[in-house]
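Chain and residue survey
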Amino acid sequence: MEIASSQNIIMNLVRLGDPTLQRGSTPEKMRTFSLIRQRSREHAFRGHDINLNTLIIFPQDRELHAVSSGSIEMLNFSIAEDLLHGAAERLEISLSTLDKLPVAVSFGDRERAVLLRQIDLLAEFVVKYGDHSVATQLSRGLEEDLVCALLHSLTDISRYGCKTPANKRYRSTRTAVDYILAHPRQPIRASELAEQAGTSRRTLEKGFGELLGMSPQQFIKSRRLRGCREDLYRIDAESRSQISNIAGSWGFWHMGQFAADYRSLFGELPSQTIPR
């Protein structure tokens, strides 16, 4: 059952009550992945035991041939290869990493929570607003956030024994980004972020500059401006007085500066975002 589809990502929620033979193919020019949302018994995919902390990577041949044991709910998502390649290039990640991994890989609770949150945000946006053209920049931003969360969860460089300073900066930056995404509204000091990432503030600044092209505080501001924008899309034209409350809930107290920062990022004022 398809739950949502943006311009570059297709999401499906599949519930299986009984053992089922699944045969078919994944979408062309896309890479397909799957997460287990719920299960009540042991489950395997192509000989690999899978659980709630398993990410399934479908083969590039697009062949889908698997037996599901039933009593399971799976969230499948297919991502356009162009979007994957663009995000990987910006993060300086080689997509050949995907081909080195087994079809079922384990990852931590935090990575799973971040990835599910990004999927839910994109699905909520698409279900509510439908057409990608309603808010192209926001939709694209949500797509890119999802892909970045996915790539971060798949490219733990320490698995491959790489210990160079650049890769240490990558790991600490990734940890910091995960922490920011897991605490979207919480005030985060630079010293706190460096402590969570297990590195110095100077190293973290360099890592963010290399990988994201901005400082940690600029990244936090960008994420919170996107959060404001998502909230503004949820109110109606008669609720314009709520703009200051929404801005405050995301840590913006100077409304003039907030409006200027918002316009710089999105090309419009907060009041212009509210659906008419």
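Residues numbered from 1 in each chain as written. Predicted model: local features only at pLDDT ≥ 70, side-chain atom pairs only at ≥ 80, totals over all residues. Heavy atoms only, no water.

1. Let's talk about the overall build of the protein
Scanning the protein from terminus to terminus reveals eleven helices and ten strands. Taking all 276 residues of the protein together, the buried fraction comes to 50%. For the protein, long-range pairs separated by at least 24 residues make up 73% of all intrachain contacts whose partners lie at least 6 apart in sequence. (Helix = DSSP H or I, 4+ residues; strand = E, 2+ residues; numbered from the N terminus. Buried < 20%, exposed > 50% of the residue type's maximum accessible area, 1.4 Å probe, protein only. Contact = heavy atoms within 4.5 Å.)

2. Thoughts on the packing of aromatic side chains
By the definition in use, this model includes five aromatic pairs. With a centroid separation of 5.9 Å and 65° between ring planes, the pair formed by Phe 208 and Phe 219 is classed as edge-to-face. One end of the pair, Phe 208, is in helix 7 (residues 201-212); the other, Phe 219, is in helix 8 (residues 216-232), with eleven residues separating them in the sequence. Exposure class is identical for Phe 208 and Phe 219. Each is buried. (Phe/Tyr/Trp six-rings, centres within 6.5 Å; stacked < 30°, edge-to-face > 60°.)

3. Notes on the nonpolar core
Grouped together as the largest cluster of nonpolar side chains are 52 residues, with contacts concentrated most on Phe 33, Leu 55, Phe 77, Ile 79, Leu 115, Leu 150 and Leu 151. Looking at this core, the element that brings in the most residues is helix 3 (residues 109-129), giving nine residues. With residues up to four places along the chain from it excluded, the contact list for Ile 79 reads Asn 8, Ile 9, Lys 29, Met 30, Arg 31, Phe 33, Leu 84, Leu 146, Val 147 and Leu 150. Leu 232, Ile 235, Phe 252 and Phe 266 belong to the second largest nonpolar core, which has 13 residues in total. (Core = buried A, V, L, I, M, F, W, Y, C linked by side-chain atoms within 4.5 Å.)

4. A few points about helix 1 (residues 81-90)
Regarding helix 1, the residues found buried are Leu 83, Leu 84, Ala 87 and Ala 88. The buried residues of helix 1 occupy one face: seen down the axis, they fall within an arc of 130°. Residues of helix 1 that are exposed and angled more than 90 degrees away from the buried face: Asp 82 and Glu 89. Glu 92 sits one or two residues past helix 1 and shows a positive phi near 55°. (Arc of directions from axis to C-beta.)

5. Here's the deal with the side chain of Asp 178
Considering the arrangement of structural elements, one finds Asp 178 in helix 5 (residues 165-182). Taking relative accessible area as the criterion, Asp 178 reaches 6% and is therefore assigned buried. Setting aside anything within four residues of it in sequence, one finds Asp 178 in contact with Arg 110, Glu 111 and Val 114.

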